[in-house]
Amino acid sequence: MQNLYELSAADTPAKKWCGGNLGGDNETCLTTVPLVAAVDAFAVGDSKSEGRGHELRMTGAELDAFAIEWARNRSLALWADRPPAHPTGRPPTTDAHRLR
C-alpha cells in the first residue's frame, strides 16, 4: 500500500461537508481533497481555525467503512440500507393522473 502521507493533495478547492450548527462565519466542516497519484484517496481536514494544518490521509474504502460504521453506531439510516420507493428514486404517489 502507498504511504498516503507522502502524496500531495490536488490543487483543487476542498469539498466541504458541513453541519452541526447554524452556519455563517463560524460554520465548521469536514473537508476532503483528492490526493495526487492515488486512485481513490483523500486528505481529510477540519475547517475550524484550530484544525488548520492537521489532516488525516485515508483511502476511499477506509472512508466508506468509517461512514457506514459511524452511521450504524449512531442509529442513522443509510440510503444503502433501504431501497428507493420507486425505480427512479421518486417518492410513490397515489395520484395516477400526475404520472401521465
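What counts, and at which threshold
- Residues numbered from 1 in each chain as written.
- Predicted model: local features only at pLDDT ≥ 70, side-chain atom pairs only at ≥ 80, totals over all residues.
- Heavy atoms only, no water.
- Salt bridge = Lys/Arg side-chain N within 4 Å of Asp/Glu carboxyl O.
- Buried < 20%, exposed > 50% of the residue type's maximum accessible area, 1.4 Å probe, protein only.
- Disulfide = S-S within 2.5 Å.
- Helix = DSSP H or I, 4+ residues; strand = E, 2+ residues; numbered from the N terminus.
- Polar contact = N/O pair within 3.5 Å; in protein donor to acceptor, adjacent residues only side chain to side chain.
- Contact = heavy atoms within 4.5 Å.

Enquirer: Can you tell me about the pattern of salt bridges, naming the residues and giving the values?
Expert: For the coordinates displayed, the defined rule picks out three salt bridges. Between K48 and D46 there is a salt bridge whose closest N-O contact spans 3.0 Å. Looking at K48, the relative accessible area reads 36%, which means it is partly exposed. With relative accessibility at 28%, the residue D46 sits in the partly exposed group. Across the pair R57 and E55 runs a salt bridge whose closest N-O atoms are separated by 2.7 Å.

Enquirer: Lay out the state of the cysteines in plain terms, naming residues and giving numbers.
Expert: Evaluation of the coordinates by the stated rule reveals one disulfide. Between C18 and C29 runs a disulfide, and the two sulfur atoms are separated by 2.0 Å. Between C18 and C29, the S-S dihedral sits near 90°, and the bridge is therefore right-handed. Of this pair, C18 sits in strand β1 (residues 15-18) while C29 is found in strand β2 (residues 29-34), placing the two residues 11 residues apart along the sequence. Owing to a relative accessible area of 6%, C29 belongs among the buried residues under this scheme.

Enquirer: I'd like a description of the side chain of R57, backed by residues and values.
Expert: Locating R57 in the fold gives a position in strand β4 (residues 56-59). From its side chain, R57 meets the backbone oxygen of L4 in a polar contact 2.9 Å long. Within the structure, R57 has its side chain in polar contact with the backbone oxygen of L7 (distance 2.6 Å). For R57, the contacting residues outside a window of four places in its chain are L4, Y5, L7, L35, F42, A43 and E62.

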